[in-house]
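One letter stands for each residue in the lines below.
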Amino acid sequence: MLAVAQFTELVSELNLRAPVLREISTQQDHVQALALMEELIEDYDTNLVAIEALSNSIARYEADALSFSEFNQLGLGGDPAVATLKVLMDQHNLNTTDFKNEIGGKSMVSQVLNGGKQLTRNHIERLAKRFGISPALFFE
């Protein structure tokens, strides 16, 4: 196990080399963070720590960025994955029967929307691919 001093040194190095894992302050940083997230999830298990840190950084930026205010209002108080799915449905004029390849039949989609079931990692990956978005948008 690493000593605290060694761990602190590693974290300092990471902060210098990948500040986006800690903080996103511009739209350009946000775009780069989303692209990085897409690459990292290709090897999810190996990159889990980085994915979680980057996901938190992305979420903090999106919670405060003016360009996400409408999206944030739709998701108040609920599951961010469901909020994202609802936004996608609204933006693309889709209903519960339009997600057979990504989530399943109408009943499964309805259960997800009503909180009875949760989107799985596979659901999120297929939705992200279909809509050309980062899977990070489905996480808090």
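These figures come from a predicted structure and were not determined experimentally. Numbering of residues begins from 1 in every chain and follows the order in which that chain's sequence is written. This being a predicted model, a pLDDT of at least 70 is required before a residue's local features are given, and a value of 80 or more before pairs of side-chain atoms are given or counted; all residues contribute to the totals for chains, interfaces and linings. Each side-chain value is worked out from all heavy atoms of the structure, with water and hydrogens disregarded.

Draft legend 1. Representation of the pattern of salt bridges within the structure. We count a salt bridge whenever a side-chain nitrogen from Lys or Arg sits within 4 Å of a carboxyl oxygen from Asp or Glu. Taken as a whole and assessed by the stated rule, the structure comprises three salt bridges. One salt bridge in this structure joins Arg 17 and Glu 13, with 2.3 Å as the shortest N-O distance. Taken together, the positions of Arg 17 and Glu 13, both in helix α1 (residues 4–17) and four residues apart, correspond to about one turn of that helix. Residue classification places Arg 17 among the exposed positions, given a relative accessible area of 68%. The partner of Glu 125 in a salt bridge is Arg 121, and the shortest N-O contact between them spans 3.0 Å. A residue pair is termed a helical-turn pair when its members lie 3 or 4 positions apart in one helix, as Glu 125 and Arg 121 do in helix α7 (residues 121–131) at four residues. Given a relative accessible area of 28%, Glu 125 falls into the partly exposed group. Remark: exposure states derive from per-residue accessible area (1.4 Å probe, protein chains only) relative to the maximum for the residue type, with buried under 20%, exposed over 50%, and partly exposed in between. Here Arg 121 falls in the partly exposed class, since its relative accessible area comes to 43%. In this text, helices come from DSSP runs of H or I with a minimum length of four residues, and strands from runs of E with a minimum of two, each type numbered from the N-terminal end.

Draft legend 2. Examining a nonpolar patch on the surface more closely. Residues Leu 2, Phe 7, Leu 10 and Val 11 make up a contiguous nonpolar surface patch of about 370 Å² in total accessible area. Secondary-structure assignment places Phe 7 in helix α1. Overall, Phe 7 belongs to the partly exposed group, its relative accessible area being 49%. Candidate patch residues must exceed 30% relative accessible area and have no salt bridge, after which like charges are joined if within 9 Å and Val, Leu, Ile, Met, Phe, Trp or Tyr side chains if within 5 Å. With residues, only the protein chains shown are counted as cover, and all accessible areas are computed by Shrake-Rupley using a 1.4 Å probe.

On their own, these measurements won't tell you what the molecule is for.
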